[in-house]
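# Notes for the structure review
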Amino acid sequence: MSEKKVIAVKDWTCVMSDELGRVALTVNPTDGEPILVLMTIFQAAKMGRELQSPKRAQSPI
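An account of the accompanying structure is given in this report. Each chain carries its own residue numbering, running from 1 in the direction its sequence is written. Restriction of local features to residues with pLDDT of at least 70 applies here, the model being predicted, together with a cutoff of 80 or more for giving and counting side-chain atom pairs; totals for whole chains, interfaces and linings are based on all residues. Hydrogen atoms and water are omitted, and side-chain values are computed over all heavy atoms in the structure.

### Notes on the overall build of the protein
Rules: Segments assigned H or I by DSSP are reported as helices when at least four residues long, segments assigned E as strands when at least two residues long, and all are numbered from the N terminus. For each residue, the accessible area found with a 1.4 Å probe, counting protein chains only, is set against the maximum for its type, and the residue is called buried under 20%, exposed over 50%, and partly exposed in between. The contact criterion used throughout is that any non-hydrogen atoms of two residues lie within 4.5 Å. In these tables, accessible area is a Shrake-Rupley quantity obtained with a 1.4 Å probe, and a residue counts as shielded only by the protein chains included in the view.
In terms of regular secondary structure, the protein is built from two helices and three strands. Secondary structure of the protein in N-to-C order comes out as β-β-β-α-α. Per-residue burial for the protein yields a buried fraction of 13% across its 61 residues. Nonlocal contacts in the protein, meaning residues at least 24 apart in sequence, comprise 4% of its contacts between residues at least 6 apart. Summing over all exposed atoms, the protein offers an accessible surface of approximately 5,800 Å²; the carbon and sulfur share of this is 57%.

Structure, rendered in structure tokens:
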């Protein structure tokens with residue numbers, strides 16, 4: 001099972017790659033090197049829905 005890691009994000013960019021047929025997401029964490037993630041358009045849409053979900057938007061205190 002993969003371990004989940006939480007990072008602080010400074011900024012991010014997302015582009016559609018016509019050559020690869022994938023969505024390229026670049027995340028710039030506050031510490032460390034940029035992280036490049038390639039995903040299908042369906043994976044990107046699912047991630048977008050999860051980020052808009054009220055459960056994900058609230059942070060426990």
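So, next bit.
### Notes on the sheet that holds strand β2 (residues 22-29)
Whenever strands of a sheet pair, they do so through backbone hydrogen bonds, lying parallel or antiparallel. How we decide: Here, any two strands with at least 2 DSSP bridges between them count as paired. Only the stretch in contact is used when a helix axis is fitted, and all axes are lines through C-alpha atoms; the angle between N-to-C directions ranges over 0 to 180 degrees.
On the basis of which strands lie adjacent, the open sheet formed by three strands has the order β1-β2-β3 and antiparallel pairing. The two strands at the open ends of the sheet, each matched to only one other strand, are β1 (9-17) and β3 (35-39). In this sheet, neighbouring strand axes are inclined to one another by 15° on average, regardless of whether the strands run parallel or antiparallel. Sheet analysis places β2 next to β3, joined by five bridges and oriented antiparallel. Its bridge partner being in β3, Val27 is matched across the sheet by Ile35. Against the sheet, helix α1 (residues 41-52) makes contact with β1, β2 and β3, and its axis sits at roughly 115° relative to β3, the strand it touches most.

Distances and angles like these do not, on their own, reveal function.
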